[in-house]
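# Topology and contacts: notes
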Amino acid sequence: MEIERITLPSVGVSYSFVTGDGTRLGVICHPNGARDIALYDRDDPADTRAAVTLSPLEAHHLVSLLDATPVVDLMADSDADLAAVTVAQVPIPAGGDFDGRPLRSLRSDAAVVAIVRDGHLTLNPDGGWTLRYGDTLIAVGTRDAIDHLAHVVAGYVTGGMTPRKA
């Protein structure tokens, strides 16, 4: 599949491709992080048949859905005492604030009990563990703590890290 990239002055960058069934689909990336998703007319590829604008957070959620990699997998529980406990997988995104930083720099009420890297599980990683793109944090906490952790790691919440030392 070939992806066409076109710079749109004062707008952003347009990426488009043709799906297997012949439909042209495009994404316009704006400098402010917003994304426009466009579905083009089959008979006139310059004509947009449908479009939607997504905020940066909405675009992030759509990517998670399309990637088919769950950001938060809830553990099924049958014990009423465990009703408030959630176990989740939280991926470290490429180029994010935590790519290359130690685990101890992550401030969260959720406990990181393991990290999966390159298919290998490390239980109870110490605070010196350097996080990198592709790592998946295995975290335990309340649903709110897990959601906050996922948003901090994704870069949508500020104040979730210890500042770097100069």
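Residues numbered from 1 in each chain as written. Predicted model: local features only at pLDDT ≥ 70, side-chain atom pairs only at ≥ 80, totals over all residues. Heavy atoms only, no water.

### Description of the environment of Ala154
Along the chain, the position of Ala154 falls in helix H2 (residues 143-154). The class for Ala154 is partly exposed, based on a relative accessible area of 22%. (Helix = DSSP H or I, 4+ residues; strand = E, 2+ residues; numbered from the N terminus. Buried < 20%, exposed > 50% of the residue type's maximum accessible area, 1.4 Å probe, protein only.)

### Thoughts on unusual backbone geometry
A positive phi angle, close to 65 degrees, is found at Ser10, a residue other than glycine. For Ser10, the position within the fold is in the loop between strand E1 (4-8) and strand E2 (12-18). Residue Asn124 is not a glycine yet carries a positive backbone phi of 50 degrees. Position of Asn124 among the secondary structure elements: in the loop between strand E8 (120-123) and strand E9 (136-141). On the basis of relative accessible area, Asn124 is assigned to the exposed category, the value being 64%.

### Comments concerning the sheet that holds strand E6 (residues 86-91)
The strand order across the open sheet built from four strands is E6-E9-E7-E8, with neighbouring strands paired in antiparallel fashion. With one partner strand each, in any of the chains shown, E6 and E8 form the two edges of the open sheet. Neighbour-to-neighbour, the strand axes of this sheet turn through a mean angle of 25 degrees, independent of strand direction. In this sheet, E8 lies alongside strand E7 (residues 111-117) in antiparallel orientation, the contact comprising four bridges. (Pairing = 2+ DSSP bridges. Axes fitted to C-alpha atoms, helices over the stretch in contact; angles between N-to-C directions.)

### Remarks on the environment of Phe98
Secondary-structure assignment places Phe98 in the loop between E6 and E7. Since its relative accessible area comes to 2%, Phe98 is described here as buried. For the pair Phe98 and Tyr133, spaced 35 residues apart in the sequence, the C-alpha separation amounts to 8.4 Å.

### Quick look at the confidence of the model for the chain
Scored by pLDDT, the chain has a mean of 81; 83% of the residues are at 70 or more. At the low end of the mean pLDDT range in the chain sits helix H1 (residues 56-67), at 77; at the high end sits E7, at 94. Considering only residues more than four positions removed or in separate chains, one finds that residues 160-166, a stretch of pLDDT under 50, has 20 contacts. (pLDDT = per-residue confidence, 0-100. Contact = heavy atoms within 4.5 Å.)

### Brief notes about the sheet that holds E1
Strands sit in the order E1-E2-E3-E4-E5 across an open sheet of five strands; the sheet is antiparallel. At either end of the open sheet lies a strand with only one pairing partner, and these are E1 and strand E5 (48-54). Between one strand and the next, the sheet's axes are offset by a mean angle of 20 degrees, whatever the strand orientation.

### Comments concerning the side chain of Ser105
Relative to the helices and strands, Ser105 resides in the loop between E6 and E7. When its relative accessible area of 4% is taken as the criterion, Ser105 is described as buried. At 3.4 Å, the side chain of Ser105 and the side chain of Arg101 are in polar contact. At 2.6 Å, the side chain of Ser105 forms a polar contact with the backbone oxygen of Pro102. (Polar contact = N/O pair within 3.5 Å; in protein donor to acceptor, adjacent residues only side chain to side chain.)

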